[in-house]
Amino acid sequence: MKNKKEVTKSLFRKVDIVELGCAYIAVFFTETFICYMKNLHLNLAQREIAEQIISHKVLIELLLSLLVVVFYYQFLVRKKTEIFCRILVGDTMREMTVQYLKDSMKILGSTFLVCVLVKFVFMLDLRGSYYLLCLFMLFILISSSQVHRYEKF
Amino acid sequence: MKNFSFFIKKIFLKRWILSITLIFFLLSANFLIFTAVRSLFLTRGGYDEMSRLNKNGIFVSNLDPSNAEFDVTSVEPKRINGVYDYIDKNFKYALHNEGDLITIPNDKSMDVPLVYMNKEYYDLNGLKSKVGRKLYFDYSLKSDKIPVFVGAGLSKNYPIGAEIKTEIPALGRKVTLKVQGILKKNECHANYYALNSMSYYNYSIIIPINKEFFMKANSAFKVDTMLETIIINGSKESVSNLSKEIHDEWKIKVNFNSQKENNEFFEDYYLYRMRLIVILTIIFLAIIIGVSIWNAVVCVRLMKKDFTINLLVGMSYKELKKILYKSFAIIFTLNILVVSVYSAMCRVIAWKSKNALVASYGFLGLASNEWLGVLAMILVDSLIGVIIVECIVKRIKKIPISLGVMQ
């Protein structure tokens, strides 16, 4: 019963969770794959191309993290009416923001854990994933401040 | 035009985060195509140059990786001449060495790289002067001036017939060089193990070496040059004897790769590399197009109302399509300009760095293979543009007008 209540409280629908999860996975796994490439035994031609990709690692990750920015932006714009209606029926802004933060962190946390697990299995450097985690937490905090913007319709 | 500026201001820039993200993704697609085409053509250049060595009887020497730290100055002079005499007596061979730099006055104040080669290497390499006569090798160091070719960049300061008095590091003394010919612009040499970079001869001096020159050169130069000898008329047995001779004299292992081994190298390296570039570019491009379509669909999702209201008050789907094509054409033109200017800037930086081996000429800042890159960008951008615009219009057509207005 409690679970059901929580689901209805959340701004996230199943489709949103899948979409956001995919965006996170795309970034985390690209970073993991680039780390994995460093440890692979490659022939000369493969190594040269791999080096080019590795040298552009930060740029590729930042470009892909734009997917997460786009998701949060469009998500909050789409939820404008829902946020306003929830306030009309008695929900508070604070509760909604906390719930939004909790849900976002849950999705981020679970994709991050999967990524760490994969990295652990392949004995890869974890630093890159931590940087991404911090970056995404920053995105979530910034976007949570945007929830307030839709208090008034 | 009025409709177009309205669309840009009220629809395109209304959700600027989405528009900027789309521009970034499309820019990365353009960079990818440009780099891939340039790499492909550079690899092709390297392949063509290497295929001249892919003939029966040609063996390319290669220092065994186990002797990577071998010091060229550690060999005694008489032991060097022993190996040289052995090669000279038994084989037809090509010698080539580059790496020495000299300082002579020139318009860009570049340090000038010297490229040494013997007649066999010159014939094998197919190096031609744009103006001037053929390079000759039967000069005498005592009485004659050394005939040389100079790169196109040096032609202003050193035209045909000019004399350059300078100290040559290989000989360790002053000699007089006489300009015999001027190389054509962007004459270059592929770096066998880093095909994305070519060594350009625009500010180089090509110095012919004959037996007398070689004998009078310093020991380090001799060893260094002999380690990269190309045997032209060898057999498996004869080169293995040579390898043994070098091992006995210098205590190092030198491998001579045969045509068959070179063939394997070609397959493993050049052709495989070209295939890899094409496959990876297609995969990355597919991902970027997919993400851009997702971004465009998100855009439509957020702006259902704006689109449907505009359609309701008289804008037709045809006109909408036209506006969309126009805006994408502007984005792509800007992207192509950014990539081209970036590439031209890289060339300017190469010139400013005074590194003569990377300084190359280009038309409006771009070399010929880069212009092919621009052409490839235009073609692929048109394709991406059509795909994205058709997706957007299809999506908009699916929105029932009543629902769009009510939102």
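Rules of the game
Residues numbered from 1 in each chain as written. Chains lettered and ligands numbered in written order. Predicted model: local features only at pLDDT ≥ 70, side-chain atom pairs only at ≥ 80, totals over all residues. Helix = DSSP H or I, 4+ residues; strand = E, 2+ residues; numbered from the N terminus. Buried ≥ 20, exposed ≤ 12 C-beta atoms within 10 Å, placed from the backbone. Contact = placed C-beta atoms within 7 Å. Rg over C-alpha atoms; globule rule 2.2 N^0.38 Å. Domains from an automatic or database assignment. Nonpolar A, V, L, I, M, F, W, Y, C, P; charged D, E, K, R; others polar. UniProt positions renumbered as here; feature names shortened; annotations may be inferred. Core = buried A, V, L, I, M, F, W, Y, C linked by C-beta atoms within 7 Å. Pairing = 2+ DSSP bridges. Axes fitted to C-alpha atoms, helices over the stretch in contact; angles between N-to-C directions. Parallel < 35°, antiparallel > 145°, perpendicular 65-115°, else oblique. Expected span 1.5 Å × (residues − 1).

Counting its regular elements, chain A contains seven helices and zero strands. Along chain A, helices and strands appear, N-terminal first, in the series α-α-α-α-α-α-α. Looking at chain A as a whole, 22% of its 153 residues qualify as buried. The long-range share in chain A, meaning contacts at least 24 apart out of those at least 6 apart in sequence, stands at 82%.

Another point: the overall build of chain B. Looking only at helices and strands, chain B features twelve helices and 13 strands. Here the C-alpha radius of gyration of chain B, 29 Å, is well above what a compact globule of 407 residues would show, namely 22 Å. Dimensions of chain B, computed from the C-alpha atoms along their principal axes, are close to 95 × 45 × 30 Å. Burial statistics for chain B: of 407 residues in total, 32% are counted as buried. Within chain B, counting contacts between residues at least 6 apart in sequence, those at least 24 apart form 80% of the total.

Residues and elements named next belong to chain B. Per the domain assignment, the segments making up chain B are domain 1 (2–49 + 263–402) and domain 2 (59–257). Inter-centroid distance (C-alpha atoms) of domain 1 to domain 2 is 44 Å. Contact residues are listed per partner, giving 15 residues for domain 1 and 19 residues for domain 2. Within the side of domain 1 that touches domain 2, the residues separate by chemical class into eight nonpolar, five polar and two charged.

To continue, consider the UniProt feature "transmembrane region" (unreviewed entry) in chain B. Residue and element names in this part refer to chain B. When the UniProt feature table is mapped to this numbering, "transmembrane region" (unreviewed entry) covers residues 276–302, 323–351 and 371–393. Counting secondary structure, residues 276–302 comes out at 100% helix and 0% strand; the distance between its end C-alpha atoms is 39 Å. Within residues 323–351, the helical portion is 100% and the strand portion 0%, while the C-alpha atoms at the span's ends are 42 Å from each other.

Next up on the list: the UniProt feature "transmembrane region" (unreviewed entry) in chain A. The UniProt record annotates "transmembrane region" (unreviewed entry) at residues 21–39, 59–77, 107–124 and 130–147 of chain A. Span residues 130–147 of chain A is 100% helix and 0% strand, its end C-alpha atoms 26 Å apart.

Okay, the nonpolar core next. All names here are of chain B. In terms of nonpolar packing, the biggest core is built from 58 residues, with M117, V148, V150, I205, I207 and I231 touching the most fellow members. The dominant element in this core, judged by the number of residues it contributes, is strand β4 (residues 112–117), at five residues. Counting the residues that make up this core, at least three belong to each of domain 1 (2–49 + 263–402) and domain 2 (59–257). Once residues lying within four places of it in the same chain are set aside, the contact partners of M117 are L95, H96, Y122, N125, I206, P208 and I209.

Turning next to the environment of Y270 of chain B. All names here are of chain B. Residue position: Y270 is located in helix α8 (residues 259–302). Overall, Y270 belongs to the buried group, with 21 C-beta atoms counted inside 10 Å. Sequence-wise, Y270 and I287 are 17 residues apart; in three dimensions their C-alpha atoms are separated by 26 Å. Among residues more than four places away in sequence, those in contact with Y270 are T43, G46, Y47 and M50.

A few words now on the interface of chain A and chain B. Listed as interface residues are 14 residues of chain A and, on the opposing side, 17 residues of chain B. It is helix α4 (residues 57–78) of chain A that provides the largest number of residues to the side of chain A that touches chain B, a total of nine residues. Split into classes, the residues belonging to the side of chain A that touches chain B amount to ten nonpolar, three polar and one charged.

Residue and element names in this part refer to chain B. Bridge analysis of strand β5 (residues 129–132) against strand β8 (residues 173–183) gives three bridges, and the strand direction is antiparallel. What sits directly across from V131, in β8, is I182. In the sheet, strand β6 (residues 146–150) pairs with β8 via five bridges, with the strands oriented parallel. What sits directly across from I146, in β8, is L177. Bridge count between strand β7 (residues 163–168) and β8: six bridges; the pairing is antiparallel. When the sheet's bridge partners are listed, T166 is paired in β8 with V175. Hairpin remark: β7 followed by β8, antiparallel, with four residues in the connecting loop; positive phi at G172, about 75°.

All names here are of chain B. Where helix α3 (residues 77–90) meets helix α7 (residues 236–250), the closest approach of the two axes is 9 Å, and the angle between their N-to-C directions is 170°. Judged by the inter-axis angle, α3 sits roughly antiparallel to α7. In this structure, α3 uses R79, G82, V83, Y86, I87 and N90 to contact α7, whose residues at the interface are S238, L242, E245, I246, E249 and W250. Residues belonging to the contact of α3 with α7 are distributed by class as follows: six nonpolar, three polar and three charged.

The next subject is the environment of E82 of chain A. Structurally, E82 of chain A can be placed in helix α5 (residues 80–88). Sequence separation of E82 of chain A and K14 of chain A is 68 residues, and the distance between their C-alpha atoms is 16 Å.

In a regular helix each residue adds 1.5 Å, so 26 residues correspond to 38 Å; helix α2 (residues 14–39) of chain A covers 37 Å between its end C-alpha atoms and thus fits that length. Those residues of α2 of chain A that sit buried are L20, A23, Y24, V27, F28, E31 and T32 of chain A.

We now examine the sheet that holds strand β1 (residues 59–63) of chain B. The strands making up a sheet are joined through hydrogen bonds of the backbone, oriented either antiparallel or parallel. Residues and elements named next belong to chain B. Taken in spatial order, the four strands make up an open sheet running β2-β12-β1-β13, and their pairing is antiparallel. Two strands lie at the open edges of the sheet, namely β2 (93–94) and β13 (254–257), each paired on one side alone. By the bridge criterion, two bridges tie β1 to strand β12 (residues 230–231) in an arrangement that is antiparallel. Residue F59 lies in a different strand from β12, and its bridge partner there is I231. Contacting β1, β12 and β13, α7 crosses the sheet at an angle of about 165° to β13.

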